[in-house]
Amino acid sequence: MKKLFAVSFAAALLSSCGGTNYTITGHYELPPGDSVYLHASDNSVLAAGVVGADTTISLKGTVTTPEMVSLTNRSQTNLPTFFFLEPGNIRIEGYDKLYNYHIISGTPLNDKKKAFDDAMKVFGDMVRKGVPGKTFDDILAGMNGLYTQTIDANLNNIFGAWVFNSYEFQQIKNDPEKIKARLAQFTPEMQAHPMLKRPQMQAVTAAQTGIGQPYTDLSLKNADNETIQLSSLVGPGRWVLLDFWATWCKPCMLEVPYLKKAYAAYHDKGFEIYGVSLDSDPAKWKQVIKDESMNWVNTLRKDAGLDPTAIYNISSIPSNFLISPEGKIVAKNLRHEHLEEKLAEVLP
């Protein structure tokens with residue numbers, strides 16, 4: 001009896017101290033002889049192996065705490081496979097060609113993710129094929145319910161944090177109070193997890209860039225390589241549109257005629273535009289500015305010190321903010337004719 005207790009105690013101690021073994025086996029969609037790499041969340045390599053003649057792989061190692069990892073080949077030409085690295089025998093069951101992901105199971109967190117993915121596929125099939133008597137909003141409500149129920153049942157583990165970060169957070173990312181309330185439901189250990197740091201930071205930036213908040217200054221270079229501060233435009237009698245866009249963004253380019261029309265009509269009355277482009281090709285950016293006669297202040301995010309898209313919580317473009325003479329954000333995402341309508345209110 002004492003011996004049995006000692007063995008059980010030793011096993012429990014080993015588990016609590018980490019260093020427990022894991023194995024990853026199964027068929028991977030790579031040719032025999034190709035290399036396969038297991039990457040940690042910080043992109044460091046945890047393990048590596050070679051695809052066998054039968055396209056199977058076998059990786060082994062130890063893991064202290066569960067984390068989300070990715071599997072890819074040497075040149076990273078295949079779509080990375082994401083799963084949870086935790087103690088136990090992790091199995092690659094197959095590849096879902098329709099939804100483009102590998103099916104992973106065999107350990108508690110991966111089994112939970114597999115069940116969640118299976119449920120998501122049901123909703124995906126509903127969207128693709130349609131369901132008699134159900135609207136798209138009905139299906140969307142069902143998906144949102146799945147996110148909520150799954151997270152509620154996993155507030156103490158990384159799987160719940162992943163579902164929140166990947167799905168539910170996308171629905172509430174512009175509401176800092178909802179983000180904070182949801183994060184507060186996670187255990188203290190999970191609240192401190194790196195996977196929840198982005199939502200925590202975005203809750204802060206969402207609050208900072210809300211209507212009524214003071215703007216944050218930017219200092220970026222224009223087409224002549226001159227540094228232009230946003231604050232140089234803001235001041236008494238001037239209304240400034242901070243506009244995030246890119247030449248490769250079709251919706252952004254469709255906004256250009258409306259920006260030009262508003263600028264022509266209200267510039268002499270105190271309207272300014274501070275454009276921030278997300279382009280990576282300065283030459284193309286400069287040419288588009290010239291060809292489109294975008295004669296307001298245009299700057300480039302490329303090589304900026306602090307990323308202006310992070311400062312202003314930009315997750316998609318086009319995005320814009322109207323800044324009052326007092327330096328307050330008074331409107332956001334004024335598209336098409338709504339920009340002129342707002343300017344007509346403030347600059348009669």
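Residues numbered from 1 in each chain as written. Predicted model: local features only at pLDDT ≥ 70, side-chain atom pairs only at ≥ 80, totals over all residues. Heavy atoms only, no water.

## Re the confidence of the model for the protein
To keep it simple, the criterion reads: The predictor rates its confidence in each residue with pLDDT, a number between 0 and 100. What makes two residues a contact is simply this: any of their non-hydrogen atoms within 4.5 Å.
When pLDDT is averaged along the protein, the result is 87; 90% of the residues meet or exceed 70. Under a pLDDT of 50 for its full length, residues 1-18 has, in the predicted model, four contacts with residues more than four places off or in other chains.

## Focus: empty space enclosed by the protein
The gaps left among the atoms become clear once a water-sized probe is rolled over them. Cut-off, in case you're wondering: Using a grid of 1 Å spacing that covers the protein atoms alone, one calls a set of points a cavity when a 1.4 Å probe fits there but cannot get out, and a pocket when the set is open and has protein on both sides within 12 Å along at least five of seven lines; lining residues are those with an atom within 4 Å of a point. Grid points are joined across faces, edges and corners, and a volume is the space filled by probe spheres set on the points. For this classification, the nonpolar set comprises Ala, Val, Leu, Ile, Met, Phe, Trp, Tyr, Cys and Pro, the charged set comprises Asp, Glu, Lys and Arg, and every other residue, Gly included, is treated as polar.
This structure, assessed with the given rule, holds one cavity of 30 Å³ or more. Of the voids in this model, the largest cavity is the one considered here, and its volume is about 50 Å³. Taken together, Asp243, Glu255, Tyr258, Leu259, Pro318, Asn320, Leu334, Arg335, His336 and Leu339 make up the full set of residues lining the largest cavity. The residue makeup of the lining of the largest cavity, split by class, is five nonpolar, two polar and three charged.

## Here we look at the sheet that holds strand S6 (residues 81-85)
Which entries qualify depends on this criterion: Whether two strands pair comes down to DSSP finding at least two bridges between them. Each helix is a run of DSSP H or I of at least 4 residues and each strand a run of E of at least 2, with the numbering of both proceeding from the N terminus. Lines fitted to C-alpha atoms define the axes here, with helix axes fitted over just the stretch in contact, and angles between the N-to-C directions of these axes take values from 0 to 180 degrees.
As summarised here, the arrangement of the four strands in space is S3-S2-S5-S6, forming an open sheet in which the pairing is antiparallel. What marks the edges here is a single partner per strand, and that holds for strand S3 (45-50) and S6. The sheet shows a mean angle of 25° between the axes of neighbouring strands, direction not considered. Pairing of strand S2 (residues 35-39) with strand S5 (residues 67-73), which is carried by four bridges, proceeds in the antiparallel orientation. Across the sheet, the residue bridging to Val36 is Asn73, located in S5.

## Some remarks on the nonpolar core
Convention followed: As used in this record, nonpolar core signifies buried Ala, Val, Leu, Ile, Met, Phe, Trp, Tyr and Cys residues forming a set joined through side-chain atoms within 4.5 Å. Buried residues are those whose accessible area, probed at 1.4 Å on protein chains only, stays under 20% of the maximum for their type, while exposed residues exceed 50% and partly exposed ones sit between those limits.
Grouped together as the largest cluster of nonpolar side chains are 43 residues, with contacts concentrated most on Leu230, Leu242, Phe244, Phe271, Tyr274 and Tyr312. Elements with a minimum of two residues in this core: strand S11 (239-245), helix H8 (250-266), strand S12 (271-277), helix H9 (282-291), strand S14 (319-323), strand S15 (329-332) and helix H11 (338-346). Excluding residues within four positions of it along the chain, Phe271 makes contact with Trp239, Leu241, Ala262, Tyr263, Tyr266, Leu322, Leu339, Leu343 and Leu347. Residues Met68, Phe116, Met190 and Met195 belong to the second largest nonpolar core, which totals 26 residues.

## A closer look at the state of the cysteines
Quick reminder of the rule: The disulfide definition used here is simple: a pair of cysteine sulfur atoms within 2.5 Å.
Scanning the entire structure with this criterion turns up one disulfide. Covalent S-S linkage joins Cys249 and Cys252, the inter-sulfur distance amounting to 2.4 Å. Since a negative S-S torsion denotes a left-handed disulfide, the Cys249-Cys252 link at about 75° is right-handed.

## Describing the side chain of Thr81
The criterion, for reference: Two N or O atoms form a polar contact when they lie within 3.5 Å of each other; inside protein one atom must be a possible hydrogen donor and the other a possible acceptor, and for residues adjacent in sequence the pair counts only when both atoms belong to side chains.
Relative to the elements of secondary structure, Thr81 occurs in strand S6. Owing to a relative accessible area of 4%, Thr81 belongs among the buried residues under this scheme. Here the side chain of Thr81 touches Tyr28 through a polar contact of 3.3 Å, side chain to side chain.

## Focus on unusual backbone geometry
When glycine is set aside, most residues are seen to have a negative phi, and most peptide bonds are trans. Look at the link from Ile317 to Pro318: it is a cis peptide, with omega at 5°. Looking at the element boundaries, Pro318 is found in the loop between helix H10 (308-311) and S14. A positive phi angle is found at Asn100, which is not glycine, with a value near 60°. Position of Asn100 relative to the elements: it lies in the loop between strand S7 (88-96) and strand S8 (101-105). By relative accessible area, which is 42% here, Asn100 ends up partly exposed. A positive phi is found at Asn333, a non-glycine position, where the angle reads about 55°. Mapped onto the fold, Asn333 is located in the loop between S15 and H11. The exposure class of Asn333 is partly exposed, given its relative accessible area of 37%.

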